[in-house]
Amino acid sequence: MDFGLNKEQQDIVAAAKEFALGEFPDRAQEFDRNETFDQDIWRKACELGFVGIFIPEEYEGAGYGFLEHCLITEEFWAVDPGIGQAILSCTFGSELLMLFGTEGQKQTILPKLVAGEAIIATAITEPDAGSDPTGAATTAVKDGDSWVINGSKIFATNGNLADYMMIFCLTDADNPSRHHRHSFILVPTEAKGYESNKLYGKMGIRASDTAELSLSDLRVPLENLVGKEGEGFHELMAFFNRTRLHVCAQGVGLAKAALEESIRHTRGRHQFGAPLASFQNTQFKLAEMATGIRASRNLYYEAASELDRGNIDHALISMAKWYAGENAVRCADAAVQMHGGYGYIDEYKVQRLYRDAKILEIYEGSKEMEKIIIAGTLVR
Ligand SMILES: Cc1cc2nc3c(=O)[nH]c(=O)nc-3n(C[C@H](O)[C@H](O)[C@H](O)COP(=O)(O)OP(=O)(O)OC[C@H]3O[C@@H](n4cnc5c(N)ncnc54)[C@H](O)[C@@H]3O)c2cc1C
């Protein structure tokens, strides 16, 4: 398999890197400390075509693939994971629309996401349903020409900022199969009955908004169903086959930043009359980091290229997500260790990377869930 990027892809990487280096470093610490974000940066990223690059041209997107989105993700996360997430999560749910939405839903929403005129988000997780989404208890009941939604969701990225929320709802509680009980319903967040509360105090990616949602007699037209009634679980798995690759690219970017910071610091700092980088212990750590990054990147290059060709290998995607997340956590830990006490202070980027990394092993399927999926293809 050829992992070389073509000229266009190399240009996308260079442009994403230039944009991130120009916009993120001066604001990253402020957003992290205050748990805020300046949405003008997202708007600029939209103007330059970095947001929703995988959205087809007929919906005003650039019509590239998920690989190109991953390339941008890697570069953004290498400069700052929190800002990278705040910008690129604004299309989280567009993948569901592209796969299962009606023509009208796509025409109405996708162009706005690309233009920076709207944000879409997706709420699956509930207080009592995380790794097992089939336990989701938020109900959507038909009443005349409407769905009426009641329930609560937790940890919804952009829950306070989104214009549209894809909500994973229980629509057929009595279906004998747990995998045919749910459906996705598209909700404009201005609808009466939609309430969001910002969750403060996250360990990392603090520039990114996270909310708990309360949905109370929220009414939307029946045509706001996305995809097929009762097929929500399978649609969710198809969605994750796209978004988990983004998480892999996030991990590669973060690990790359940890390595770069470590090389810079260990070259410059001297102990026992020699640079830290001259000690074999340091060199072994750097070598391990570089190898883990290369392996993670190759996993997403392969999985995303296959996906863009229409070949979905969900075990490979889970391998990429799990491996890159764990590698990023390992690299961030090693980077802090090599920085010694300086790595523990928030003036140093590695301290933020250490906190930002952990989410990669948790969201969009914890690493344990990924291993269950991989093993499921080995031992049937
Ligand atoms: C910052 C942030 C952003 C998020 N964004 C979103 C979002 O936009 N939309 C959304 O819907 N959700 C979102 N989430 C939720 C996230 O996807 C869940 O937290 C995640 O799926 C884990 O679910 P849980 O927290 O309920 O943990 P649990 O399911 O309670 O799991 C706890 C631990 O038990 C392990 N475990 C569970 N079951 C098994 C098993 N069968 N075998 C082995 N181990 C098991 C898990 O791997 C995990 O380590 C977000 C979370 C965070 C923190």
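Residues numbered from 1 in each chain as written. Predicted model: local features only at pLDDT ≥ 70, side-chain atom pairs only at ≥ 80, totals over all residues.

Visitor: What's the story with the domain arrangement of the chain in this structure? I'm lost.
Guide: Many authors give the size of an interface as the accessible area that is lost as the parts come together. According to the domain assignment, the chain consists of domain 1 (7–115), domain 2 (120–230) and domain 3 (233–378). The straight-line distance from the C-alpha centre of domain 1 to that of domain 3 is 20 Å. Taken together, the elements giving at least two residues each to the side of domain 1 that touches domain 3 come down to helix H2 (25–34), helix H4 (66–79), helix H5 (81–88) and helix H6 (94–100). In terms of residue count, the dominant contributor to the side of domain 1 that touches domain 3 is H4 (ten residues). (Domains from an automatic or database assignment. Helix = DSSP H or I, 4+ residues; strand = E, 2+ residues; numbered from the N terminus.)

Visitor: Help me understand the packing of helix H9 (residues 280–308) against helix H10 (residues 314–339) in this model?
Guide: Packed helices, taken two at a time, are described by their axes: the angle between them and the distance between them. Closest axis-to-axis distance for the H9/H10 pair is 9 Å, and the angle between their directions is 155 degrees. Relative to H10, the element H9 is oriented roughly antiparallel. The element H9 and its partner H10 pack so that their crossing is left-handed. Along the contact surface, H9 presents Thr-282, Lys-285, Met-289, Gly-292, Ile-293, Ala-295, Ser-296, Leu-299, Tyr-300, Glu-302 and Ala-303, while H10 presents Leu-316, Ile-317, Met-319, Ala-320, Tyr-323, Ala-324, Asn-327, Arg-330, Cys-331, Ala-334 and Met-338. A breakdown of the residues in the contact of H9 with H10 according to their chemical character gives 15 nonpolar, four polar and three charged. (Axes fitted to C-alpha atoms, helices over the stretch in contact; angles between N-to-C directions. Parallel < 35°, antiparallel > 145°, perpendicular 65-115°, else oblique. Left-handed = near helix turned anticlockwise from the far one by under 90°. Contact = placed C-beta atoms within 7 Å. Nonpolar A, V, L, I, M, F, W, Y, C, P; charged D, E, K, R; others polar.)

Visitor: What is the right way to read the site of the ligand from this model?
Guide: Near the ligand, the surroundings consist of 18 residues, among which Gly-130, Ser-131, Thr-157, Ser-366 and Glu-368 are the closest. For the shell around the ligand, the secondary-structure elements that each account for two or more residues are strand S1 (120–123), strand S3 (146–157) and helix H12 (367–378). Classifying every residue of the shell around the ligand by side-chain character gives eight nonpolar, seven polar and three charged. The two domains that each donate at least three residues to the shell around the ligand are domain 2 (120–230) and domain 3 (233–378). (Near = placed C-beta within 6 Å.)

Visitor: Even after reading the chapter, I still don't get H4, so can you show me in this structure?
Guide: Along an α-helix, residues three or four apart share an orientation, since each turn contains 3.6 residues. Over its 14 residues, H4 runs 20 Å from end to end, which matches the ideal 20 Å to within 8%, given 1.5 Å per residue. For H4, the tally of buried residues reaches 14 of 14 residues, placing the bulk of the element in the interior. (Expected span 1.5 Å × (residues − 1). Buried ≥ 20, exposed ≤ 12 C-beta atoms within 10 Å, placed from the backbone.)

Visitor: Could you clarify how one ought to interpret the nonpolar core in this entry?
Guide: What tends to happen in soluble globular proteins is that the nonpolar side chains get buried as a cluster. Counting residues in each nonpolar core, the largest one holds 116 residues, and the members touching the most others are Ile-185, Val-187, Leu-245, Ala-258, Tyr-300, Ala-320 and Ala-332. In terms of residue count, H10 provides more of this core than any other element does, 15 residues in total. Non-local contacts of Val-187, meaning those with residues more than four positions away in its chain, are made with Ile-149, Tyr-164, Met-165, Ile-167, Tyr-194, Leu-218, Val-220 and Asn-224. (Core = buried A, V, L, I, M, F, W, Y, C linked by C-beta atoms within 7 Å.)

Visitor: Looking at this model, I keep getting lost on the pairing of S3. Mind explaining?
Guide: Consecutive side chains along a regular strand alternate between the two faces of the sheet. Alignment of strand S2 (residues 139–143) against S3, held across five bridges, turns out to be antiparallel. Looking at S3, one finds that Val-141 is bridged to Val-148. The antiparallel pairing of S2 with S3 creates a hairpin that spans two residues between the two strands, and Gly-144 there sits at a positive phi of about 60 degrees. Here S3 pairs with strand S7 (residues 210–221) via nine bridges, running antiparallel. Each residue of the ladder has a partner; that of Lys-153, found in S7, is Leu-213. (Pairing = 2+ DSSP bridges.)

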